[in-house]
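Observations on the three-dimensional arrangement
One-letter residues, chain by chain:
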Protein chains: 4
Amino acid sequence: MVEHAERMRVAWVDTDASGLIHYTAPLRWFEVAEHALMRRLLGGRGLPAERTFLLPRVHVEADFRAPLRYPDEFECVARIAGVGRSSVTFAYDVRRLDGPVCVVGRIVAVAVDLDGHTMPLPAEMRAALTGAL
Amino acid sequence: MVEHAERMRVAWVDTDASGLIHYTAPLRWFEVAEHALMRRLLGGRGLPAERTFLLPRVHVEADFRAPLRYPDEFECVARIAGVGRSSVTFAYDVRRLDGPVCVVGRIVAVAVDLDGHTMPLPAEMRAALTGAL
Amino acid sequence: MVEHAERMRVAWVDTDASGLIHYTAPLRWFEVAEHALMRRLLGGRGLPAERTFLLPRVHVEADFRAPLRYPDEFECVARIAGVGRSSVTFAYDVRRLDGPVCVVGRIVAVAVDLDGHTMPLPAEMRAALTGAL
Amino acid sequence: MVEHAERMRVAWVDTDASGLIHYTAPLRWFEVAEHALMRRLLGGRGLPAERTFLLPRVHVEADFRAPLRYPDEFECVARIAGVGRSSVTFAYDVRRLDGPVCVVGRIVAVAVDLDGHTMPLPAEMRAALTGAL
């Protein structure tokens with residue numbers, strides 16, 4: 001299994017008036033770790049520079065298990081959790097450097113052509129993703 | 001059933017280099033509609049000004065069914081989908097004014113005291129939420 | 001003088017752990033009001049859908065005069081403050097519905113062709129902007 | 001002169017439908033570098049954990065000189081540009097690892113007590129900031 005761990009820190013802009021992080025912050029962190037994983041697996045710029053198809057998210061979920069505050073340091077880990085004909089499932093976790101897993105997540109993305117129709121994952125990408133399972 | 005429909009528009013900052021919205025944008029919209037619903041149900045400032053407890057999100061999910069682009073107009077609807085002893089479940093959908101439901105979502109929040117321990121929903125809040133089911 | 005006033009409300013996600021808004025929030029509001037003004041002046045989708053040139057910001061500034069908190073209601077006003085050969089200057093202010101001007105801002109944008117070279121504002125756009133001064 | 005250089009990368013969420021970064025992204029980066037500088041100068045959590053006063057921004061400005069795209073790597077440098085009786089001025093620049101300075105910025109923050117009245121910078125903070133000029 002190939003995974004990417006991105007070391008990060010809660011930024012002030014990630015917080016809200018509760019004093020804790022806003023719940024959308026980990027969803028941004030997931031993508032940072034995922035894109036780093038994809039650049040490693042696919043080379044070059046990774047996924048988003050592709051022009052012949054898109055890979056939009058069709059399902060996003062996150063479970064929040066422990067609080068995060070500015071300026072906590074953490075690792076956000078991304079890995080490939082599943083590969084279908086047209087889809088890829090990513091799994092994530094956010095672990096504070098001093099301890100607990102704070103957030104876990106899962107995102108499903110589906111390959112679509114430039115007209116928005118679902119299409120099979122390109123063979124080379126599918127091979128790279130499957131090899132990282 | 002009480003629900004709140006907030007009429008909104010995709011902002012330029014909600015988009016990313018794909019040309020479509022970034023997947024975190026609807027999660028911000030969910031909260032705008034939810035807070036408006038809570039202000040209506042609870043009066044005053046609604047939930048976030050409460051100081052004797054917090055209501056952090058423990059689960060967030062969204063399914064993306066149709067694309068959204070700048071400057072699409074849409075309605076984001078929030079409603080109470082479930083009330084537990086300590087938790088409340090919100091449901092959301094985002095419907096373009098010219099047609100399809102683009103995003104549906106669900107968020108579970110749990111009451112915790114200021115030390116972070118789960119506690120029952122305050123009785124008055126629980127009554128208001130249950131009355132909106 | 002043509003101006004656009006957008007009525008808005010501070011969202012929870014606009015706040016940070018200080019309990020007040022994060023300083024980037026008004027810069028997002030400026031753009032919402034500006035784009036509404038541009039759609040009115042230019043018709044259709046306004047500026048961002050243009051494909052033959054871009055209008056990137058080259059200077060952004062804001063002065064913060066009074067605090068804003070969730071869930072304050074306010075108006076964000078955008079107007080054309082200046083039109084040059086290649087540039088347009090927008091001015092903004094954010095006024096709480098219950099009183100003071102909280103933020104004022106100014107943004108300068110410059111027309112560039114798709115290779116990134118400065119170019120004159122297209123004549124039709126220049127006429128529309130100048131007419132709104 | 002003490003400065004902090006934070007090495008960062010343009011994230012996908014920093015972009016908009018123009019294909020370039022949204023203009024608010026560098027303003028978030030400025031703060032990341034500034035907070036790292038302040039933690040170094042002041043120890044501990046740096047500024048934001050202070051409870052006896054706040055240091056809100058009263059003026060923010062940025063000049064955009066060269067484009068940034070996903071996934072460009074860059075350094076964001078923060079330094080103390082001025083210290084007044086009640087205020088501190090930060091200066092920033094964002095330089096792509098492969099070359100040009102892309103964005104420069106300046107932020108003025110002013111110490112206010114918990115009632116919102118301007119107050120002198122606490123002596124210890126003023127000394128630390130002045131020593132970093």
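Residues numbered from 1 in each chain as written. Chains lettered and ligands numbered in written order. Predicted model: local features only at pLDDT ≥ 70, side-chain atom pairs only at ≥ 80, totals over all residues. Heavy atoms only, no water.

Moving on to the interface of chain A and chain B. Between chain A and chain B, the contact holds 18 residues from the first and 18 residues from the second. Counting the surface lost from both chain A and chain B, the interface buries some 1700 Å², and carbon and sulfur atoms represent 56% of this. For the chain A face of the interface with chain B, the top three residues by lost area are Tyr-23, Val-60 and Phe-64 of chain A, together amounting to 31%. Our count for the contact surface shared by chain A and chain B stands at 0 salt bridges. Joining chain A to chain B, the criterion identifies 10 residue pairs in polar contact (both at pLDDT 80 or more). For the side of chain A that touches chain B, the element with the highest residue contribution is strand 2 (residues 57-64) of chain A, accounting for 8 residues. For the side of chain A that touches chain B, the residue count by class is 10 nonpolar, 3 polar and 5 charged. Across 5 bridges, strand 2 of chain A lies against strand 2 (residues 57-64) of chain B in antiparallel orientation. Within strand 2 of chain B, the position partnered with Glu-61 of chain A by the bridge is Glu-61 of chain B. (Contact = heavy atoms within 4.5 Å. Buried area = accessible area lost by both parts, 1.4 Å probe. Salt bridge = Lys/Arg side-chain N within 4 Å of Asp/Glu carboxyl O. Polar contact = N/O pair within 3.5 Å; in protein donor to acceptor, adjacent residues only side chain to side chain. Helix = DSSP H or I, 4+ residues; strand = E, 2+ residues; numbered from the N terminus. Nonpolar A, V, L, I, M, F, W, Y, C, P; charged D, E, K, R; others polar. Pairing = 2+ DSSP bridges.)

What follows concerns the pairing of strand 2 (residues 57-64) of chain D. Residue and element names in this part refer to chain D. In terms of burial, strand 2 is largely enclosed, as 6 of its 8 residues are buried. Note: strand 2 against strand 5 (residues 101-110), 7 bridges, orientation antiparallel. Counterpart to His-59 in the pairing with strand 5 is Val-108. (Buried < 20%, exposed > 50% of the residue type's maximum accessible area, 1.4 Å probe, protein only.)

Ranked by internal contacts, the top residues of the largest apolar core, which has 79 residues, are Trp-29, Phe-30, Ile-80 and Leu-129 of chain A together with Trp-29 and Phe-30 of chain B. Setting aside its immediate chain neighbours within four residues, Trp-29 of chain B contacts Met-8, Val-10, Asp-14, Ile-21, Leu-68, Phe-74, Cys-76 and Val-94 of chain B. The next biggest cluster of nonpolar side chains, apart from the first, holds 77 residues, and it includes Phe-74 and Met-119 of chain C together with Phe-53 and Phe-64 of chain D. (Core = buried A, V, L, I, M, F, W, Y, C linked by side-chain atoms within 4.5 Å.)

Mapping chain B onto chain D is achieved by rotating through 180° and translating by 0.0 Å along the same axis, at an RMSD of 0.0 Å. A rotation of that kind, with that shift, is consistent with a two-fold axis. Within chain B, the C-alpha atom positioned nearest to the axis of rotation is that of Asp-16 of chain B, 1.9 Å from it. Here 100% of the contact residues of chain B are again contact residues in chain D; the copies associate through an equivalent surface. (Least-squares fit on C-alpha atoms with pLDDT ≥ 70 in both.)

Take it as geometry only, folks, not as evidence of what the structure does.
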